[in-house]
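# Analysis of the macromolecular model
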Amino acid sequence: MTANGKGVSLRLENCAKTYPGGIQVLSPMTLEIARGETVVLLGPSGCGKTTTLRIIAGLIQPDHGGRVLFDGVDVTSVPIEKRNVGMVFQSYALFPNMTVAGNIGYGLKIRHVPKAERRKRVDAMMQLVGIDTLHDRRVDQLSGGQRQRVALARAVACQPRVLLLDEPLTALDASLRDRLRTDLNQLFRSLGITTIYVTHDQGEAMALGDRIVVMTKGTIAQVGTPDEIYFRPANRFVAEFIGAANILEGPLQSEVMLLPGGQLHIDGGRTGDTAVAMVRPEAIGIVSPDGASWTGRIQTKIFLGDRLRLTVAEAATSAIVVDASNRLVVQVGDRVGLTVPNGSVRLLTS
Amino acid sequence: MNRSTEVAQTIVAQISDPHIKRPGEVAYGVIDTAQALGRCVQFLNSLVPKPDIVVVSGDIADSGRDEEYRHFQELMAPLVIPFVILPGNHDDRAAIRRSFPAAADLRSEGPLNAVMRLDHLVLVLLDSSVPGEPHGFLGSDTLAWLDVRLCEDAESPALIFLHHPPFVTGIRHMDVQNLRNADALAEVVARHERVRLVAAGHVHRAAFTLFAGVPAVIAPGISHAVALDLDPAGLPAFRLETPGLYLHIWTRGDVTGQLVSHALPIGMFDGPYPFFDAEGRLR
């Protein structure tokens, strides 16, 4: 296979899933994914992300009326072995008595790909995922990260039109996960295959997705680039699920929200009843309380190395979190002024 | 076997109850289980065509020790066919996780269930072991997991493997260790027409029945057999009968395809002798 522009465009049309007994785990969803794009399905357990992945794979059928299209062709009733998708699961059972090359080539062997072609493709895959020196090594002699690459190479060796990954890093320890996340990102770019990646880890989603589909309770909460999802969450669920978020509630008067600790300017705010807004901890600045329009009192202070994490009481109806410079000199109990640059507060629908 | 039929087939070898001890030890004071597994591996390697996969249906180790799993791996190393394992009552989940880091399901606790696809065929491996107990039981999480896996990709035939038989054999001292909640498994199996076989181990002897309307088998042991004693008061005993294994062969057909299971004795036997001479006459 060549490196770029492989795979298909994908369209889920009105795909819902109801299990016997009437439990609907996925509400009707429509989603477009471009050829070569990496899309992350992100959400807490039970949000419908794995169901969506399994519908794309052909492992389960959407409810009547739902359609799955690959490059505009309806594949809804095409079984998994004919859809040509590559899958990598959290449980990536490899064969312990086979070599790395034997494991990667197994799917091709089962599909009766001739030996010479098999060898060529296995070699190419091993090079691509950076394990070409491990050809004859047994998989039990590999590190967790190397095994993950073998599983990935095995999935890609069959030249899938779509690559599907279901929480592939969840079982690994944190430092390895961080490293593999970076590797996976590079790998997805070089493969150029349309990739759907399921995770409950927002860090992974941010690092890997061209776009993120945030899901909750069987519905899509928001679709957007990592940047959009983080800075412009569509609703309270997304704001709180992605990163740390301060949720502020108070009455709005024109572009000003009235809070226990003073006033906060909100672009686009309109006079009305209680509004809900979100501001990220790193967007809040600590200044002198003198003359500040919004103030609070330092309740806790934790030095995190790269930053100082403060909780500030009396500023809003509940304590807010502020990530300040690691050089800031403040004490618990200090009264401080709080500033937020224009555009950093986002009004939310709850 | 000609090429066209070979292409249409998936061959799953089932071997069961190796009971591997530490190097140099024999089981029950008599049985060299390591030597038996060595012979079994040699036999599997000699098969033409080769099976696509080998399922080891439990009691990998005799007492669940890390050294025993290491020994098992050394003995399986010459096998040229990939294998998968599931735990039996003599096994230890944690030791399996430690010993087969690439093969075991990576969840750090709970049953070691797995599902895998071989072209058109799906194999489901169930963990019926109950830590510290000889009998089998499938937890509600395993049954729910099975139900969901069987809902997926409903067109593909599925073969279910587990260690503890979900049916009685008449050998009383073994039957009391059976799968205790066979009814619950039957309920799930009956819901899914795609299940074509339920294959167990544990009893070390070939047996056949119908379970929830589906063919069900117990695989022979690869080293020793539990003595066939139908006296309800019979004492637990074993015999060194000819060891054996199964080849479950799925042949794809136009509509549904067909599964046939061959029981093979393990050994190098004289033959094959042709039935007919060079002129086509019966010899």
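Residues numbered from 1 in each chain as written. Chains lettered and ligands numbered in written order. Predicted model: local features only at pLDDT ≥ 70, side-chain atom pairs only at ≥ 80, totals over all residues.

## Some remarks on the overall build of chain A
Summing up its helical and strand segments, chain A has nine helices and 20 strands in all. A total of 350 residues make up chain A; the buried ones form 42% of that total. Across chain A, the fraction of contacts at a sequence separation of at least 24, relative to all contacts at a separation of at least 6, is 64%. (Helix = DSSP H or I, 4+ residues; strand = E, 2+ residues; numbered from the N terminus. Buried ≥ 20, exposed ≤ 12 C-beta atoms within 10 Å, placed from the backbone. Contact = placed C-beta atoms within 7 Å.)

## Considerations on the overall build of chain B
Across its full length, chain B holds seven helices and 15 strands. Computed over its C-alpha atoms, the radius of gyration of chain B comes to 19 Å, within 12% of the 19 Å expected for a compact globule of 283 residues. Among the 283 residues that make up chain B, the fraction classed as buried is 46%. Excluding contacts between residues fewer than 6 apart, the proportion of contacts in chain B whose partners are at least 24 apart in sequence is 67%. (Rg over C-alpha atoms; globule rule 2.2 N^0.38 Å.)

## Quick look at the sheet that holds strand 12 (residues 256-259) of chain A
All names here are of chain A. The five strands are arranged 13-12-11-14-20 in an open sheet whose pairing can be described as antiparallel. Each end of this open sheet is capped by a strand with a single partner; those strands are strand 13 (262-265) and strand 20 (346-348). Strand-to-strand twist of the sheet, defined as the mean angle between neighbouring strand axes without regard to direction, takes the value 45°. (Pairing = 2+ DSSP bridges. Axes fitted to C-alpha atoms, helices over the stretch in contact; angles between N-to-C directions.)

## Re helix 4 (residues 115-128) of chain A
Residue and element names in this part refer to chain A. Taking 1.5 Å per residue as the helical rise, helix 4 with its 14 residues ought to reach 20 Å, and the 20 Å between its terminal C-alpha atoms agrees with that figure. Where helix 4 is concerned, the buried positions are R118, R121, V122, M125 and M126. Buried residues along helix 4 cover an arc of 135° about the axis, so they all sit on one side. Facing away from the buried side of helix 4 by over 90 degrees, the exposed positions are A116, E117, K120 and Q127. For helix 4, the elements touching its buried residues are helix 3 (100-110) and helix 5 (144-157). Directly beyond the C-terminal end of helix 4, a positive phi value near 75° is found at G130. (Expected span 1.5 Å × (residues − 1). Arc of directions from axis to C-beta.)

## With respect to the interface of chain A and chain B
Across the boundary between the two partners, chain A contributes 24 residues, which contact 24 residues of chain B. Elements with a contribution of two residues or more to the side of chain A that touches chain B: helix 2 (80-83) and helix 3 of chain A. Its residues assigned to classes, the side of chain A that touches chain B comprises 14 nonpolar, five polar and five charged. (Nonpolar A, V, L, I, M, F, W, Y, C, P; charged D, E, K, R; others polar.)

## Here we look at the packing of helix 3 of chain A against helix 4 of chain A
Residues and elements named next belong to chain A. Running from N to C, helix 3 and helix 4 point in directions that differ by 130°, and their axes come no closer than 9 Å. Taken together, the axes of helix 3 and helix 4 lie oblique to each other. Seen from above, helix 3 lies across helix 4 with right-handed handedness. Mapping the contact onto sequence places A101, I104, G105, L108 and K109 in helix 3 and R118, R121, V122, M125 and M126 in helix 4. Class assignment for the residues of the contact of helix 3 with helix 4 results in six nonpolar, one polar and three charged. (Parallel < 35°, antiparallel > 145°, perpendicular 65-115°, else oblique. Left-handed = near helix turned anticlockwise from the far one by under 90°.)

## Here we look at the nonpolar core
The biggest cluster of nonpolar side chains holds 178 residues, and the ones touching the most others in it are A153 and L164 of chain A together with C40, V124, I160 and F161 of chain B. For this core, the two domains that each supply at least three residues are domain 1 (10-238) and domain 2 (244-348) of chain A. Beyond its immediate chain neighbours, meaning those up to four positions away, V124 of chain B contacts V115, L146, R149, A158, I160 and F161 of chain B. (Core = buried A, V, L, I, M, F, W, Y, C linked by C-beta atoms within 7 Å. Domains from an automatic or database assignment.)

## Re the environment of L310 of chain A
The topology assignment puts L310 of chain A in strand 17 (residues 308-313). Leave out the neighbours within four places in its chain, and L310 of chain A touches I298, T300, K301, V322 and A324 of chain A.

## Concerning the domain arrangement of chain A
Residues and elements named next belong to chain A. Split by domain assignment, chain A resolves into domain 1 (10-238) and domain 2 (244-348). The centre of domain 1, based on its C-alpha atoms, is set 39 Å off from the matching centre of domain 2. In this complex, domain 1 contributes four residues to the contact, which on the side of domain 2 involves five residues. Here the side of domain 1 that touches domain 2 is built from residues that sort into one nonpolar, one polar and two charged.

## Some points on the packing of helix 2 (residues 33-46) of chain B against helix 3 (residues 66-76) of chain B
Residue and element names in this part refer to chain B. For the pair helix 2 and helix 3, the least separation of the axes is 9 Å and the interaxial angle reads 30°. As judged from the angle between their axes, helix 2 and helix 3 are roughly parallel. Helix 2 and helix 3 meet at a crossing whose hand is right-handed. Residues A34, L37, G38 and V41 of helix 2 lie in contact with helix 3, whose contacting residues are H71, L75 and M76. By residue class, the composition of the contact of helix 2 with helix 3 is five nonpolar, two polar and no charged.

## Section: the pairing of strand 16 (residues 295-303) of chain A
All names here are of chain A. Examined bridge by bridge, strand 16 and strand 19 (residues 335-339) share three bridges and lie antiparallel to one another. Among the inter-strand pairings, R297 is bridged to a residue of strand 19, identified as R335. The pairing of strand 16 with strand 17 spans six bridges and is antiparallel. The partner of I302 across the bridge, within strand 17, is R309.

## As for the sheet that holds strand 5 (residues 73-74) of chain A
Residue and element names in this part refer to chain A. Taken together, the four strands give an open sheet; going across it, the order is 2-1-4-5, and neighbouring strands pair in antiparallel fashion. Looking at the sheet topology across the chains shown, the edges are occupied by strand 2 (23-33) and strand 5. With two bridges connecting them, strand 4 (residues 67-70) and strand 5 associate as antiparallel partners. Looking at strand 5, one finds that L69 is bridged to D74. Packing against the sheet, helix 1 (residues 49-57) makes contact with strand 1 (10-19), strand 2 and strand 4, and its axis sits at approximately 120° to strand 1.

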